[in-house]
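# Structural overview for review
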Amino acid sequence: MSTFEAPVVVTCGDTEGPLVVLLHGRGSNEGEIIGLADALPGSLSYAAVRAPIAENGGFAWFANRGIGRPVPESLRATMDWFTRWLDEVAPPGRPVFLVGFSGGAAFAGGLLLDDPARYAGAAILYGTLPFEAGVPADAARLAGVPVFVAHGEHDRVIPRELLDRTWRYLTDESGASTDARLDPVGHGIAPDALTALAAWLDG
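For the structure given in this document, a descriptive report is provided here. (Residues numbered from 1 in each chain as written. Predicted model: local features only at pLDDT ≥ 70, side-chain atom pairs only at ≥ 80, totals over all residues. Heavy atoms only, no water.)

A few words now on the overall build of the protein. From N to C terminus, the protein includes five helices and 11 strands. Against the globule reference of 17 Å for 203 residues, the protein gives a C-alpha radius of gyration of 15 Å, in line with a compact fold. The C-alpha extent of the protein, read off along each of the three principal axes, is 35 × 35 × 35 Å. In the protein, 76% of the contacts between residues at least 6 apart in sequence involve partners at least 24 apart. Charge-centre separation for the protein: the mean point of 14 positive side chains lies 5 Å from the mean point of 25 negative side chains. (Helix = DSSP H or I, 4+ residues; strand = E, 2+ residues; numbered from the N terminus. Rg over C-alpha atoms; globule rule 2.2 N^0.38 Å. Contact = heavy atoms within 4.5 Å. Lys, Arg positive; Asp, Glu negative; His and termini not counted. Charge placed at Lys NZ, Arg CZ, Asp CG, Glu CD.)

Printed below as a string of structure tokens:
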């Protein structure tokens, strides 16, 4: 059992609709990523969760061995913490989509790989999946699961080999129903990607 406190969460949207959980990047917070909901379908319910580990004036989802490389025990502890919260707010039967940016993308990917059947889909935005971090990433692990992935062509934050491995896994190996886009940006969300994400969630 982790010693993390109850999550800090901000919400908006239709409280009866499918739940979209917004997961911020390392060093950020829930107040920054909830703004994405303004550009996403109003028929959905949104919850932005604050990561439980304080770091550099913001918050992180896990301890790192290096950028994009979670410490397995740390990732497991925060995933278990998150899942306890999610099971309270979204009992089985309520669709849940994960939308994660950067470090939040790695966390969303870990949650999805750990329990693919739990989620209606996941968006991995400008980040990597958590390879070699204690969650399975075998072939066809995400068979049939809707996944949206967006990468920045000029991203210099996430190591290129991890971005390429994530892209290859999600588009060729995972079995997911993947909508993938490479945007001419660095480590940030392209406006066109946000428009495409809205259409994906609305689909």
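Okay, back to it.
Across its 12 residues, helix H5 (residues 191–202) extends 17 Å between first and last C-alpha, which sits within 8% of the 16 Å expected from 1.5 Å per residue. Among the residues of H5, Ala 193, Leu 194, Leu 197, Ala 198, Trp 200 and Leu 201 are the ones counted as buried. Projected down its long axis, H5 carries its buried residues within an arc of 160°, all on one side. The exposed residues of H5 that point more than 90 degrees off its buried face are Pro 191, Asp 192, Thr 195 and Asp 202. On the buried face of H5, the contacting elements are strand S2 (19–23), strand S8 (96–101), strand S9 (121–125), strand S10 (146–152) and strand S11 (177–183). (Expected span 1.5 Å × (residues − 1). Buried < 20%, exposed > 50% of the residue type's maximum accessible area, 1.4 Å probe, protein only. Arc of directions from axis to C-beta.)

Moving on, we get to the sheet that holds strand S1 (residues 9–13). The pairing of strands in a sheet comes from backbone hydrogen bonds and takes either a parallel or an antiparallel form. Spatial strand order, S1-S3-S2-S8-S9-S10-S11: seven strands in an open sheet with mixed pairing. A strand with exactly one partner marks an edge of an open sheet, and here the two such strands are S1 and S11. Averaged over all pairs of adjacent strands, the angle between strand axes in this sheet comes to 15°, irrespective of strand direction. Contacts from helix H2 (residues 72–89) reach S1, S2, strand S3 (45–49) and S8, with the element oriented near 155° to S2. (Pairing = 2+ DSSP bridges. Axes fitted to C-alpha atoms, helices over the stretch in contact; angles between N-to-C directions.)

This part covers the layout of surface pockets. In this structure, the largest pocket encloses a volume near 170 Å³. As for the largest pocket, its lining consists of Arg 26, Phe 62, Asn 64, Ile 67, Gly 68, Ser 102, Gly 103, Ala 106, Thr 128, Val 157, Ile 158 and His 187. (1 Å grid on protein atoms, 1.4 Å probe; cavity = no way out; pocket = protein on both sides within 12 Å on 5 of 7 lines; lining within 4 Å. Points joined across faces, edges and corners; volume = space filled by probe spheres on them.)

Our next topic: the pattern of salt bridges. Within the structure shown, the criterion is met by 10 salt bridges. Between Glu 173 and Arg 168 there is a salt bridge whose closest N-O contact spans 3.6 Å. For Glu 173, a relative accessible area of 36% translates into the label partly exposed. (Salt bridge = Lys/Arg side-chain N within 4 Å of Asp/Glu carboxyl O.)

Take the pairing of S11 next. Examined bridge by bridge, S10 and S11 share seven bridges and lie parallel to one another. Residue pairing for S11: Val 149 is matched across the bridge by Ala 180. Handedness of the crossover joining S10 and S11 through helix H4 (residues 160–173) is recorded here as right-handed. (Right-handed = clockwise from strand over helix to strand, strands pointing away.)

With that out of the way, let us pick up H4. Within an α-helix, residues lying three or four positions from one another point in the same direction, as the helix has 3.6 residues per turn. End to end, H4 covers 18 Å across 14 residues, agreeing with the expected 20 Å (1.5 Å per residue, within 8%). For H4, the secondary structure elements touched by its buried residues are strand S7 (69–70), helix H3 (103–114), S9, S10 and S11. Gly 175, located one to two residues past H4, shows a positive phi value of around 85°.

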